[in-house]
Amino acid sequence: MADDEHTHGHRQLKLDDVQMIIGRAVVDEHFRTQFTGDPIGTLKTLGISMTVGGERDEKAVTLVKTIADALSEENHGANLADLLKNLRKSYLDSADGIIRSRCA
Amino acid sequence: MKVPSMPGGVHLVSLPFTSLQSPNLGLSLLAAGVRQQGIACEIHYLAFDFAETIGVESYAFLSHEKFYQAFLGEWIFSALVYERPEALDMEYLAEVVPDFATPLETVLITHVALAARKAAAGFIDRCAKNLAARQPGLVGITTSFQQNMASIAFANALKRHSPETTILFGGANCEAELGTALLQSFDCIDAVCSGEGDTALPAFVEAFAAGDAMPEVPGITTRNCPSDKQPGRMITALDNLPIPDFSDFYSRFDRTSGLKDLLQPTPTIETSRGCWWGAKHHCTFCGLNGNAMTYRSKSPDRALKEFRTQARIYGSDFIVVDNILDYAYFDSLLPMLRDDPTPFLMHFEVKSNLFPKHIQAMAAAGIRKIQPGIETLDSHILKLMKKGVNALQNIQTLKLCAEAGIFVDWGFIFGFPGEDPSSYDRMADLMSRLHHLQPPAAFAPVRADRFSPYFTRPHEFGIQLKPAKPYRFIYAGVGDELGRFSYHHEMSAPDIDRAQIYTRRARDAVQHWITRHSDARFYIADDTGETMILHDSRDGGEETRTQLSRLEADIVRLCACMNSEDRVRVAVAPRHGMKQCAKAIDRLLERGILAKENKSLLALPLAFGTFGKAPTWAEIRSEVLHQSHHETGPPVRGEAFS
């Protein structure tokens with residue numbers, strides 16, 4: 001493995017990790033509380049580092065903090081999974097098949 | 001005309017992300033034309049395959065128009081075309097997606113898009129392998145909106161499995177220099193059709209079937225035949241076009257498990273091409289129509305024939321893809337649609353300066369959803385856009401459509417070079433009086449799309465352009481060449497760089513309008529001819545009941561549509577006196593019962609006996625289905641096509 005992928009027993013954050021973190025945070029309220037309270041520290045306990053080549057990986061940090069902020073913004077409780085499921089379904093319900101590109 | 005047979009036939013392909021609800025009109029027309037030549041032609045709608053791969057709900061979510069400007073659909077397939085470090089993708093998810101999504105939506109998009117991205121490579125390879133197994137003679141791939149990356153990835157994969165297959169690209173993303181850039185950048189593309197392909201493709205197919213491996217045809221650019229030597233032919237006789245064949249789409253829709261319970265497929269139709277307004281006064285930001293602005297329309301008889309033929313097979317709900325309704329149709333096609341027993345229901349793009357007779361004619365013909373290009377509610381900004389309408393006309397359109405039960409589909413755009421920031425504070429105040437009318441779907445900065453006046457003559461407007469933010473995350477690594485591929489562009493100029501700040505009140509007002517609209521009503525509850533009772537719940541509180549004086553009621557009746565203040569005064573003065581009239585007008589303006597633009601007045605309450613507020617699309621559909629007076633029976637799919 002390349003040296004910069006592992007730092008002191010930790011490996012660099014990958015997109016697969018991001019997906020895993022979101023999936024786990026949605027269904028596991030305890031993990032979510034831990035993650036939103038200290039996102040970088042929580043990932044460290046999972047063996048994931050926010051550094052690359054000894055330098056702080058700002059892109060990774062920004063993404064992780066964006067996710068943590070979003071999940072902590074509201075008190076979702078145990079209903080977050082349902083909330084996201086309904087959110088996703090609502091876009092199916094509101095689709096009318098017309099592609100509008102001229103404005104948002 | 002019959003041509004020599006082509007082993008393997010012609011295969012036309014549409015990749016994600018495109019609608020699961022409506023067929024591609026361009027491909028359907030081309031397929032009909034190729035089949036008329038006696039050559040087998042099949043359309044492959046691979047969006048269904050991808051929806052089956054990642055789940056229909058995920059597909060619908062990722063392809064929703066709300067996130068269009070993040071180019072999610074392109075991003076998901078972009079890593080198959082351009083390698084990039086994961087850091088760039090993380091930056092996209094953290095810095096681009098939040099511009100268009102709430103925080104929670106950003107999390108959901110991240111999760112769903114990453115899963116879709118993981119599935120993309122297997123999906124592309126599987127589809128390419130399946131098509132290669134058919135030993136296609138010629139493959140045409142259409143690309144519009146967010147289809148470039150998936151299309152290029154697919155073409156690459158197809159070439160790996162079937163190197164001898166000739167691949168031709170077409171669609172809006174291939175217009176003019178965009179098509180040239182694709183051809184020059186990707187070896188998997190053998191030829192590009194720029195502009196309308198209705199004559200180019202059949203000519204290419206005929207020559208190809210006769211043994212010419214790379215025909216030289218006007219409108220199709222190949223590596224041997226640069227586009228400037230082979231300009232395409234714009235179709236002028238639309239009546240001669242075949243009626244499109246949607247059987248491939250509907251067959252694929254029906255085969256997608258569970259889809260029928262979730263979505264209703266809707267046939268597309270065109271009655272015209274180009275834009276008659278744009279041909280005279282090109283709206284400054286509009287890049288639609290590329291190099292084919294010249295307006296052409298079908299004869300009413302031909303248009304009606306297509307409506308009736310398609311309704312018999314696919315149902316009577318239509319999406320009309322025209323950029324603008326032909327005004328001549330108000331006296332020809334629309335009455336024919338009205339008088340036809342088929343219960344037509346359709347979406348149409350129109351110009352927003354509509355009179356009551358136009359709106360009544362549209363409603364009667366089944367045009368119950370319109371996209372009138374309202375854009376803003378300030379006359380100076382509308383003039384900067386070269387829209388040819390003023391703010392009060394826009395408000396009148398919203399009002400009259402609400403009364404007629406026509407849904408108005410519009411977006412509020414801001415940030416026009418030369419605009420006055422104070423306009424937005426005035427509009428914020430105005431919007432609080434319009435909650436009973438259809439709000440905009442969104443509030444977004446104007447873009448300079450390729451082929452628009454802003455793009456072709458930026459110096460004239462004092463603006464600088466750069467490709468919209470998401471492009472560098474899609475076309476990763478092309479560096480300075482990015483501008484060759486971009487269609488949407490951000491504008492920058494000293495007077496508009498602060499637009500996000502000075503439009504804040506207006507943005508909040510739009511959001512408030514959207515939130516309040518479902519409960520907001522403002523209508524004439526009773527009109528005795530002497531006095532008038534208004535019911536008003538625009539401000540979110542309880543509905544208030546207001547009784548107007550005889551003078552006030554007379555003024556409101558005279559202003560049911562836009563009327564000049566002078567004419568109103570002349571009409572009511574003999575009974576009430578000029579001075580009283582002037583005071584009454586001022587009172588009505590103060591109370592938000594009248595709106596005024598220069599010397600024109602418009603009453604804002606909806607007419608007695610109509611909807612109390614702009615109805616929702618669901619309410620309109622329900623009313624139309626209830627009123628349908630003629631049983632046409634269920635559509636007959638698969639019926640022989642003539």
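Structure's up top.
Conventions used here
Residues numbered from 1 in each chain as written. Chains lettered and ligands numbered in written order. Predicted model: local features only at pLDDT ≥ 70, side-chain atom pairs only at ≥ 80, totals over all residues. Heavy atoms only, no water. Helix = DSSP H or I, 4+ residues; strand = E, 2+ residues; numbered from the N terminus. Expected span 1.5 Å × (residues − 1). Buried < 20%, exposed > 50% of the residue type's maximum accessible area, 1.4 Å probe, protein only. Arc of directions from axis to C-beta. Phe/Tyr/Trp six-rings, centres within 6.5 Å; stacked < 30°, edge-to-face > 60°. Lys NZ or Arg CZ within 6 Å of the ring centre and 35° of its normal. Core = buried A, V, L, I, M, F, W, Y, C linked by side-chain atoms within 4.5 Å. Domains from an automatic or database assignment. Contact = heavy atoms within 4.5 Å.

## With respect to helix α5 (residues 80-94) of chain A
All names here are of chain A.
Here is step 1 of the chain: Compared with the 21 Å implied by 1.5 Å per residue over 15 residues, the 21 Å span of α5 between its first and last C-alpha is a close match.
Here is step 2 of the chain: Those residues of α5 lying buried are Leu-80, Leu-84, Leu-87, Tyr-91 and Leu-92. Seen from one end, α5 has its buried residues packed into an arc of 145 degrees, which puts them on one side. Turned more than 90 degrees from where α5 packs its buried face, Lys-85, Asn-86 and Asp-93 sit exposed.

## Brief notes about the packing of aromatic side chains
Residues and elements named next belong to chain B.
Here is step 1 of the chain: Tallying each qualifying case throughout the model produces 38 aromatic pairs over all chains.
Here is step 2 of the chain: For the pair Tyr-327 and Phe-330, a centre-to-centre distance of 5.2 Å together with 85 degrees between the ring planes defines the contact as edge-to-face.
Here is step 3 of the chain: Accessibility expressed as a relative area gives 25% for Tyr-327, which makes it partly exposed.
Here is step 4 of the chain: You can call Phe-330 buried: its relative accessible area is 9%.
Here is step 5 of the chain: Between Tyr-475 and Phe-485 the ring centres are 4.9 Å apart and the planes differ by 15 degrees, which places this aromatic pair in the stacked class. Pair noted here: Tyr-475 is in the loop between α21 (471-474) and β18 (488-492) and Phe-485 is in the loop between α21 and β18, with a separation of ten residues, a long-range link.
Here is step 6 of the chain: Positioned above the aromatic ring of Trp-75, the side-chain terminus of Arg-117 is 4.3 Å from the ring centre.
Here is step 7 of the chain: The cationic tip of Arg-538 hangs over the ring face of Phe-522; the distance from NZ or CZ to the ring centre is 3.6 Å.

## Quick notes on the nonpolar core
One broad rule of soluble globular proteins: the nonpolar side chains tend to lie buried together.
Here is step 1 of the chain: Formed by 141 residues in total, the largest nonpolar core has its most connected members in Leu-13 of chain A together with Leu-62, Phe-77, Phe-154 and Phe-169 of chain B.
Here is step 2 of the chain: The greatest single-element share of this core, amounting to 15 residues, is contributed by helix α6 (residues 103-133) of chain B.
Here is step 3 of the chain: Taken domain by domain, the makeup of this core includes at least three residues from each of domain 1 (10-233) and domain 2 (266-519) of chain B.
Here is step 4 of the chain: Setting aside anything within four residues of it in sequence, one finds Phe-169 of chain B in contact with Ile-141, Thr-143, Ser-151, Ile-152, Ala-155, Cys-174, Leu-182, Ile-189, Ala-191, Val-192 and Cys-193 of chain B.

Shape is all these values report; function is a separate question.
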